[in-house]
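Here's the letter readout for the chains.
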Amino acid sequence: MKIERNIHLQKLIDSKHNGMIKVITGVRRCGKSYLLFSLFKDHLLAEGVREDHIVQIDLEDRRNKKLCNPDVLLAYIDNKILDDETHYILLDEIQKVDDFEDVLNSYLKMSNVDVYVTGSNSKLLSKDVVTEFRGRGLEIKIHPLSFKEFLSVYQGGNREVALLEYMTYGGLPQTVTLKSREAKEDYLKSLFSSTYITDIKERYKIMNDADLEELIDIMASSIGGLTNPLKLQNTFRTVKHSTITVDTIKRYLDIMQDAFLIEKSVRYDIKGKKYIDTPAKYYFEDMGLRNARLNFRQSEETHLMENIIYNELRNRGLSVDVGQIVQNGKDENGKFQRKTFEVDFVCNRGFKKYYIQSALDLPTPEKKEQEQYSLLKINDNFKKMIIVGGMTPTHINDNGIIIMNIFDFLLDDNCFSID
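Residues numbered from 1 in each chain as written. Predicted model: local features only at pLDDT ≥ 70, side-chain atom pairs only at ≥ 80, totals over all residues. Heavy atoms only, no water.

Chemist: Run through the overall build of the protein chain, naming residues and quoting values.
Modeler: For the protein chain, the helix and strand inventory stands at 16 helices and 13 strands. The C-alpha atoms of the protein chain give 23 Å as radius of gyration, which agrees with the globular expectation for 419 residues (22 Å, within 12%). In terms of its C-alpha atoms, the protein chain occupies a principal-axis envelope of roughly 80 × 55 × 45 Å. Counting every position in the protein chain, which comprises 419 residues, the buried fraction comes to 53%. Within the protein chain, counting contacts between residues at least 6 apart in sequence, those at least 24 apart form 67% of the total. Summed over its atoms, the accessible surface of the protein chain is roughly 19,800 Å², and 47% of this surface lies on carbon and sulfur atoms. Between the averaged position of the 59 positive side-chain charges in the protein chain and that of its 64 negative side-chain charges there is a distance of 3 Å. (Helix = DSSP H or I, 4+ residues; strand = E, 2+ residues; numbered from the N terminus. Rg over C-alpha atoms; globule rule 2.2 N^0.38 Å. Buried < 20%, exposed > 50% of the residue type's maximum accessible area, 1.4 Å probe, protein only. Contact = heavy atoms within 4.5 Å. Areas by Shrake-Rupley, 256 points an atom, 1.4 Å probe, with all protein chains shown as cover. Lys, Arg positive; Asp, Glu negative; His and termini not counted. Charge placed at Lys NZ, Arg CZ, Asp CG, Glu CD.)

Okay, here's the thing in structure tokens:
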């Protein structure tokens with residue numbers, strides 16, 4: 001089964017010969033090795049690169065154990081560099097090598113070597129790229145399958161059934177190959193406990209992980225909700241009777257982000273054009289992992305759809321904030337009042353900006369008015385959009401707001417071009 005990962009493959013292609021070490025990061029089992037060893041290698045061969053000019057090493061393979069010695073690896077790669085033509089070095093799970101930074105930095109000054117590595121989240125985190133490779137490391141973040149990629153290999157039914165499956169079991173490539181519900185659930189639950197939690201505990205030397213695991217459960221239960229460490233501390237106190245500190249909660253949230261389990265989306269004051277650090281929203285990188293953490297008990301379509309929209313926007317390379325509009329006025333008694341309206345997503349890419357609301361359905365005129373109310377408060381000419389589930393056809397309403405069906409959004413890469 002070949003899964004096309006065109007967006008991520010293009011990022012690798014665009015980074016060729018840029019004089020930097022390309023570090024492919026992402027949540028465990030999202031397809032980093034497949035992208036590098038299969039799709040990218042096929043691209044190089046199709047471009048005329050000779051097989052003997054591609055040095056490919058899987059450092060998790062027991063047969064390559066001796067190459068985990070940095071000096072042995074260095075000598076092995078040196079012996080594979082045959083001439084002055086460009087050689088492509090593809091290394092999977094580079095964190096298996098002691099002092100791997102020195103090995104990779106040794107090739108920065110060689111003009112005929114182009115280096116690409118993957119690393120697990122237990123060692124090569126995004127914030128490490130700058131320090132480990134002296135400012136000459138380029139992070140290329142890989143996400144789980146988009147819905148479009150998922151649908152291209154899904155064999156279980158129509159796109160409505162496929163979306164429900166995607167919302168439930170997510171986009172980790174291995175889940176697509178598993179046939180039964182039980183197999184998918186067992187895989188995801190085992191992966192979370194035996195891989196992600198273990199990685200976090202080992203890297204950060206967390207001995208008592210009860211509070212960490214409880215926090216993961218709380219975050220999984222509240223995707224798309226505004227929160228901050230203080231609010232979370234109050235939840236621990238009232239529900240769990242825990243004395244966990246705000247600093248510990250903040251540290252654990254940072255760890256979860258470093259491990260690519262969740263992403264933070266901060267609030268942006270649209271009228272004031274400034275960021276508001278707290279509270280913020282957090283979204284899970286993969287719905288299957290989120291649902292597995294909750295034993296597949298909480299399946300609120302409204303929140304799951306919002307998370308999927310967020311992930312798709314990030315996958316397409318947009319920065320995504322939570323929009324806020326503050327309106328000052330007076331109530332019917334003439335008293336000053338301050339109202340805050342939320343826009344689910346404020347998206348930016350270059351000079352382009354989009355305002356997006358997520359709505360599972362628009363069944364009544366009142367619901368339609370509610371969803372577009374905050375968008376109508378924005379006084380600029382950037383596109384405003386409500387992404388809707390169900391069978392609502394894509395159209396532009398009388399207020400100039402794009403009402404877009406979820407399938408048109410997820411499956412059309414040019415959906416923002418609609419006028």
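Chemist: Hey, could you go over the packing of aromatic side chains for me, with residue numbers and the actual values?
Modeler: Evaluation of the coordinates by the stated rule reveals 15 aromatic pairs. Both rings, one in Phe 341 and one in Tyr 373, keep their centres 5.2 Å apart while their planes meet at 55 degrees; by these two values the pair is tilted. Taken as a pair, Phe 341 in strand 9 (residues 336-349) and Tyr 373 in helix 15 (residues 365-376) lie far apart in primary sequence, 32 residues in all. Pairing Phe 409 with Phe 416 gives two aromatic rings, centres 6.3 Å apart and planes at 70 degrees, and the pair type is edge-to-face. The pair Phe 409 / Phe 416 is uniform in exposure class, with both members buried. (Phe/Tyr/Trp six-rings, centres within 6.5 Å; stacked < 30°, edge-to-face > 60°.)

Chemist: Before we move on, could you go through the pattern of salt bridges and cite the residues and values that matter?
Modeler: Within the structure shown, the criterion is met by 27 salt bridges. Between Glu 263 and Lys 141 there is a salt bridge; the shortest N-O distance is 2.7 Å. Of this pair, Glu 263 sits in strand 6 (residues 262-269) while Lys 141 sits in strand 5 (residues 137-141), placing them 122 residues apart in sequence. Given a relative accessible area of 11%, Glu 263 falls into the buried group. Residue Lys 141 is classed as buried on the basis of its relative accessible area of 17%. (Salt bridge = Lys/Arg side-chain N within 4 Å of Asp/Glu carboxyl O.)

Chemist: Pulling in residues and values, what's your account of the sheet that holds strand 4 (residues 113-118)?
Modeler: Spatially, 2-3-4-1-5 is the arrangement adopted by the five strands of the open sheet, whose pairing is parallel. Strands with a single pairing partner mark the edges of an open sheet, and in this sheet they are strand 2 (54-58) and strand 5. Pairs of neighbouring strands in the sheet enclose a mean axial angle of 15 degrees, with direction left out of account. Pairing between strand 2 and strand 3 (residues 87-92): five bridges, direction parallel. By the bridge assignment, Ile 57 is partnered in strand 3 with Leu 91. Taken strand by strand, helix 3 (residues 70-80) contacts strand 2 and strand 3, and its axis lies near 155 degrees from that of strand 2. (Pairing = 2+ DSSP bridges. Axes fitted to C-alpha atoms, helices over the stretch in contact; angles between N-to-C directions.)

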